[in-house]
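Single-letter residue listing:
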Amino acid sequence: MVKAKVTIKNPTGLHLRPAGILCKEAMGFKSKITFNYKESTANAKSVLSVLGACVKCGDEIELICEGEDEEDALTALLKCVESGLGE
């Protein structure tokens, strides 16, 4: 298992479009990918789960990847979030 904290930079947080981009990126990996935010854990491969976390701009999430390609998954997701998730 690998994990890292990252701050959401999108001005509107993880609304539908960036949540979809995050999920699409996560679904490209075999690893189980989740993130912790406040007191909850969200499945990064589920748009509804990501939206349900209600992550806003400036919030910090902890990405957690478990599986055979966990290192690659974490690197790709961190890059994706830091680049602004398409915004």
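Everything that follows concerns the structure shown earlier in this document.
Residues numbered from 1 in each chain as written. Predicted model: local features only at pLDDT ≥ 70, side-chain atom pairs only at ≥ 80, totals over all residues. Heavy atoms only, no water.

Turning next to the pairing of strand 4 (residues 60–66). Along strand 4, five of the seven residues are buried, which leaves the element largely enclosed by surrounding structure. Sheet analysis places strand 1 (residues 2–7) next to strand 4, joined by six bridges and oriented antiparallel. Residue pairing for strand 4: Val-2 is matched across the bridge by Cys-65. Note: strand 2 (residues 32–37) against strand 4, five bridges, orientation antiparallel. Among the inter-strand pairings, Asn-36 is bridged to a residue of strand 4, identified as Glu-62. (Buried < 20%, exposed > 50% of the residue type's maximum accessible area, 1.4 Å probe, protein only. Helix = DSSP H or I, 4+ residues; strand = E, 2+ residues; numbered from the N terminus. Pairing = 2+ DSSP bridges.)

This part is about the pattern of salt bridges. With the rule as written, the count across this model stands at one salt bridge. Where Lys-30 meets Glu-68, a salt bridge forms, and the shortest distance between an N and an O atom there is 3.6 Å. Here Lys-30 is found in the loop between helix 1 (16–27) and strand 2, whereas its partner Glu-68 is found in the loop between strand 4 and helix 3 (70–82), with 38 residues between them in sequence. Of the two residues, Lys-30 and Glu-68, both sit in the exposed class. (Salt bridge = Lys/Arg side-chain N within 4 Å of Asp/Glu carboxyl O.)

What follows deals with the sheet that holds strand 4. Spatially, the four strands line up as an open sheet ordered 1-4-2-3, and their pairing is antiparallel. Two strands lie at the open edges of the sheet, namely strand 1 and strand 3 (40–43), each paired on one side alone. This sheet shows a mean twist of 25° between the axes of neighbouring strands, independent of strand direction. Contacting strand 1, strand 2 and strand 4, helix 3 runs over the sheet at an angle of about 0° to strand 1. (Axes fitted to C-alpha atoms, helices over the stretch in contact; angles between N-to-C directions. Contact = heavy atoms within 4.5 Å.)

Another point: the environment of Thr-41. Here Thr-41 shows up in strand 3. Once the C-alpha coordinates of Thr-41 and Ala-4 are considered, the two residues, 37 residues apart in sequence, prove to be 14 Å apart. Aside from chain neighbours lying at most four places away, what touches Thr-41 is Thr-34, Phe-35 and Asn-36. A polar contact is formed between the side chain of Thr-41 and the side chain of Asn-36, at a distance of 2.8 Å. (Polar contact = N/O pair within 3.5 Å; in protein donor to acceptor, adjacent residues only side chain to side chain.)

Function-wise, these values are silent; they only describe arrangement.
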